[in-house]
Amino acid sequence: MGWKASAIFIKPAGAVDEQRLLNLFGFGESIAEPEPGYLEAVIYPAEGKLYISYFNDCIIICVQDFPERFYTSELSFIEHRLIELFPSSEILATSLHSGTNHYGYAFIKKGEKIRVKTGYSETPVQYEAGQPLPEELPLYALARTGKEGRKYFYFERRPDDPYPEDAVGENFVFNLTGRFLGEPMHQSEEFMEIKAKA
């Protein structure tokens, strides 16, 4: 894995009250004008920073730590509030960190959390709930279960080099972002070049 990311995707975005979003995440000051940098530079923001961008009728909120609050069976306070603001939307919380092979994603549809999965190198699947989403199925089709009960993924480009589940965590996250962006975020140059408000 080579990515770091911490972002929440919401679609459709509809009418967005950015100040309400700032208050919800604990950032009381008004959002400034877009900075010279692009979303690619802030998809994993510094601690204490929040960035908002728009793409393909989707709002993208880049903020540290908050996605991890989604990775349980229960709805957290932040999830309840986002559902109040976007009751008919789909919400995807994601996080990636290449240093530990951490990956995580949680998917909410019309107020119901229907899928959660997270893990890292020492525990390839730390928590999982719900049935796989359609975007996950092509990856699961590449998986075989080893003797110890763990899944290993076999890619055509390296058929003799199986990947443990944490090593393909970012692939799952990428596939799910395609549901919101039209194509996986790592393949979309247009997405990565949009400006972000800080």
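Just above sits the structure.
Residues numbered from 1 in each chain as written. Predicted model: local features only at pLDDT ≥ 70, side-chain atom pairs only at ≥ 80, totals over all residues. Heavy atoms only, no water.

1. Observations regarding the overall build of the protein chain
- The helix and strand inventory of the protein chain stands at six helices and 10 strands.
- A compact globule built from 198 residues would reach a C-alpha radius of gyration of about 16 Å, and the protein chain, at 17 Å, matches this within 12%.
- With respect to the three principal axes, the spread of C-alpha positions in the protein chain is 55 × 35 × 30 Å.
- Across the 198 residues that make up the protein chain, the buried fraction comes to 46%.
- For the protein chain, the proportion of contacts with a sequence separation of at least 24, taken over those separated by at least 6, is 59%. (Helix = DSSP H or I, 4+ residues; strand = E, 2+ residues; numbered from the N terminus. Rg over C-alpha atoms; globule rule 2.2 N^0.38 Å. Buried < 20%, exposed > 50% of the residue type's maximum accessible area, 1.4 Å probe, protein only. Contact = heavy atoms within 4.5 Å.)

2. What about the sheet that holds strand β3 (residues 58-63)?
- Across the sheet, which stays open at both edges, the seven strands sit in the order β2-β3-β1-β4-β5-β6-β7 with antiparallel pairing between neighbours. Edge strands, defined here as strands with exactly one partner in the open sheet, are β2 (50-55) and β7 (127-129). Ignoring which end each strand starts from, the neighbouring axes of this sheet average 15° apart.
- For β2 and β3, the ladder comprises six bridges, and the chain directions are antiparallel. The residue of β3 that forms the bridge with L50 is V63.
- Sheet contacts for helix α5 (residues 169-181): β1 (4-11), β2, β3, β4 (90-97), β5 (102-109) and β6 (112-119); angle to β4, the most-contacted strand, approximately 150°. (Pairing = 2+ DSSP bridges. Axes fitted to C-alpha atoms, helices over the stretch in contact; angles between N-to-C directions.)

3. Brief notes about a negative patch on the surface
- A cluster of acidic side chains, namely E40, E183, E189, E190 and E193, defines a negative patch on the protein surface.
- Mapped onto the elements, E40 comes out in helix α2 (residues 39-42). (Patch = residues over 30% accessible without salt bridge, like charges linked within 9 Å, V, L, I, M, F, W, Y side chains within 5 Å. Areas by Shrake-Rupley, 256 points an atom, 1.4 Å probe, with all protein chains shown as cover. Salt bridge = Lys/Arg side-chain N within 4 Å of Asp/Glu carboxyl O. Lys, Arg positive; Asp, Glu negative; His and termini not counted. Charge placed at Lys NZ, Arg CZ, Asp CG, Glu CD.)

4. Comments concerning the packing of aromatic side chains
- Summed over all chains, the structure comprises 10 aromatic pairs.
- The interplanar angle of 80° and the centroid separation of 6.3 Å between the aromatic rings of F107 and F180 together place this pair among those described as edge-to-face. Of this pair, F107 sits in strand β5 while F180 sits in helix α5; the two residues are 73 residues apart in sequence, bridging distant segments of the chain. Assigned by exposure class, F107 and F180 land together as buried.
- Ring plane angle 85° and centroid distance 5.9 Å describe the contact between F153 and F172, whose orientation is recorded as edge-to-face. Of this pair, F153 sits in strand β9 (residues 151-155) while F172 is found in helix α5, placing the two residues 19 residues apart along the sequence.
- We classify F172 as buried; its relative accessible area is 0%.
- An aromatic cluster of three or more residues is present, and its members are Y103, Y105, Y140, F153 and F172.
- In this structure, R144 packs its charged tip against the face of Y154, placed 3.9 Å from the ring centre.
- Here the basic side chain of R157 rests over the ring of F155, its NZ or CZ set 4.7 Å away from the ring centre. (Phe/Tyr/Trp six-rings, centres within 6.5 Å; stacked < 30°, edge-to-face > 60°. Lys NZ or Arg CZ within 6 Å of the ring centre and 35° of its normal.)

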